[in-house]
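One letter stands for each residue in the lines below.
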Amino acid sequence: MRRNRSIGCRRFALCALAVLLCVCLAGCALKKTAPAQAQTETPVEEAPPAAPQTEEAPEPDPEPEAEPEPNPEPEPEPEPEPEPESEPEPEPTKAELLLADMSLYEKICQMIIVRPSDLTGVYPVTAAGENTRQALEKYPVGGLFYDSSNMTGQEQLRDMTANTKAYMQITPIIVCDEEGGTVARLMRTVGTTWIGSMFSFKEQGPETAFANAETIASDMASFGFNADFAPVADVWSNPANTVIASRAYSDDFEQAAELVAAAVEGFHAGGVACTLKHFPGHGDTAADSHFGSVYVYKTLDELRSQELIPFRAGIEAGADMVMMGHLIVSELDEEPAPFSYAMVTELLRGELGFEGVVITDALEMQALKNYSAGETAVKAVQAGVDLLLCPSDLDETIRALTEAAESGEISEERIDESVLRILTMKENRGMLD
């Protein structure tokens, strides 16, 4: 009995110990799972996901240190480029200085060439004395035109031209017609070198044309002349023409051009200014402008291919003046050439390129008998003429041009253009020295 109790007690103790062991093991399990249950039961703020970690690249081997370069020498600073110098203003010419000091009256007088008798009221004039001095003081004209009546001897002629120049502040043009042959003022009066008509030399070439002109010019210069109304650039293309005839260098346009150009150079070599005449060509006319109106019955294209050829050649050779003939070219204008803007400015200056002095033929000629002295002066200047030769009334000419300038009918700038051309020609030919 006691043995059975003992066995029962041991079995009870073993069971109690097993129960106790199970309780202990269960408690440990509860302790391990408690934190996980707390996390699921109590919400908390989630932290942002961490950036994925990338595998760091291995650091490159350090580059070997470069040897220090020697310090380069500093480049010199470039010198600043000098600013381009502005071109200096050209010095004014003698002609420009003279023009700047002239009154309107003096400018208008400079545009006129007269006979000595037109100044003094005495005919003939063979000396330049007190009357001439007083007249030139009153009328400081641009030049004087002499003819055979003014020439009685060599010393007389030299004294007269020298005294005339001495009376004037601006040296005047001292001029005459000296062509040779039928028009030979000095040859027939004071015995300068005799030279026949230019037509008689036409087959002797440009060398002879040059030599003849040089001889005529040097003879003229020895008597105080500084200009000549020559050479004739008209061509004797009409056998019935008597006003030009043998005064022409040729009856062939191309040959005349060659000879006229040589003559221009010869006159300059001899020491005088020269004049091409009678523009646009008097050699094919039947009438004489000394006695009435003269018409040229040619088209402009015909003139270009004929009459204008010698004028063009003379201009290119350096002619100082071109004289307008009292000719009417109906295709261009019903006015005589000196009054025609189409012929003076558009044709002669524009097309032929002439930049020198344009002068009229003598305004007292019968071809202009239907115009007053004042009217001829104004019309000619408006057309582009620079010099008025032998107006029929000097006082009326000056008065008409003055009134036209003061009223604006002709601008003073237009007057200045002509006077500057005249003075420039004088300067170029040594008349202002």
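Residues numbered from 1 in each chain as written. Predicted model: local features only at pLDDT ≥ 70, side-chain atom pairs only at ≥ 80, totals over all residues. Heavy atoms only, no water.

Colleague: Please set out the side chain of Lys426 residue by residue, giving values where relevant.
Modeller: For Lys426, the position within the fold is in helix H15 (residues 412-428). Looking at Lys426, its side chain comes within polar contact range of the main-chain oxygen of Gly142, at 3.1 Å. Look past the residues within four positions of Lys426 in its chain and what remains in contact with it is Gln110, Gly142, Ile170, Thr171, Pro172, Ile173, Met431 and Leu432. (Helix = DSSP H or I, 4+ residues; strand = E, 2+ residues; numbered from the N terminus. Polar contact = N/O pair within 3.5 Å; in protein donor to acceptor, adjacent residues only side chain to side chain. Contact = heavy atoms within 4.5 Å.)

Colleague: Please give an account of the packing of aromatic side chains that cites residues and values.
Modeller: In this structure the tally under the stated criterion is six aromatic pairs. Between Tyr146 and Phe225 the ring centres are 5.9 Å apart and the planes differ by 85 degrees, which places this aromatic pair in the edge-to-face class. Of the two residues, Tyr146 is situated in the loop between strand S2 (143-145) and helix H6 (154-166) and Phe225 in the loop between helix H8 (205-222) and strand S6 (227-228); the sequence distance between them amounts to 79 residues. Across this residue pair, the class does not change: Tyr146 and Phe225 are buried. Ring geometry for Phe339 versus Tyr371: centroids 4.9 Å apart, planes at 75 degrees, classification edge-to-face. Linking Phe339 in the loop between strand S10 (327-329) and helix H12 (341-351) with Tyr371 in the loop between strand S11 (357-360) and helix H13 (373-383), this pair joins segments that are 32 residues apart in sequence. Relative accessible area serves as the criterion here: at 23%, Tyr371 is assigned to the partly exposed category. (Phe/Tyr/Trp six-rings, centres within 6.5 Å; stacked < 30°, edge-to-face > 60°. Buried < 20%, exposed > 50% of the residue type's maximum accessible area, 1.4 Å probe, protein only.)

Colleague: How would you summarise unusual backbone geometry if you had to cite specific residues and measurements?
Modeller: Cis rather than trans, the peptide bond between Tyr123 and Pro124 has omega equal to -10 degrees. Summarising the element assignment, Pro124 is placed in the loop between helix H4 (116-120) and helix H5 (130-138). In this structure, Pro231 follows Ala230 across a cis peptide bond, with omega equal to 10 degrees. Topologically, Pro231 is positioned in the loop between S6 and helix H9 (253-270). The residue Ala245 is not glycine, and still its phi comes out positive at about 45 degrees. With respect to the secondary-structure elements, Ala245 resides in the loop between S6 and H9. The residue Cys390 is not glycine, and still its phi comes out positive at about 50 degrees. Along the chain, Cys390 falls in the loop between strand S12 (388-389) and helix H14 (394-407). In this structure Cys390 comes out as buried when scored by relative accessible area, which is 0%.

Colleague: Explain the sheet that holds strand S9 (residues 321-324) to me, and be specific about the residues and the numbers.
Modeller: With respect to topology, three strands assemble into an open sheet ordered S7-S9-S11, the strand pairing being parallel. Where the open sheet ends on each side, the last strands, each with one partner, are strand S7 (275-279) and S11. Strand-to-strand twist across the sheet, computed as the mean angle between neighbouring axes with direction ignored, equals 25 degrees. When S9 meets S11, the two strands line up parallel, connected through four bridges. Residue Met324 lies in a different strand from S11, and its bridge partner there is Thr360. Here H12 sits on the sheet and contacts S7, S9 and S11; the angle it forms with S9, its principal contact strand, is near 145 degrees. (Pairing = 2+ DSSP bridges. Axes fitted to C-alpha atoms, helices over the stretch in contact; angles between N-to-C directions.)

Colleague: With reference to specific residues and values, describe the pattern of salt bridges.
Modeller: Taken as a whole and assessed by the stated rule, the structure comprises 22 salt bridges. In this structure, Arg133 engages Glu130 in a salt bridge whose closest nitrogen and oxygen atoms are separated by 2.5 Å. Pair noted here: Arg133 and Glu130 are both in helix H5, with a separation of three residues, about one helical turn. Given a relative accessible area of 28%, Arg133 falls into the partly exposed group. If you follow the salt bridges from partner to partner, you end up with Asp177, Glu179, Arg185, Arg247 and Lys277 in one network. (Salt bridge = Lys/Arg side-chain N within 4 Å of Asp/Glu carboxyl O.)

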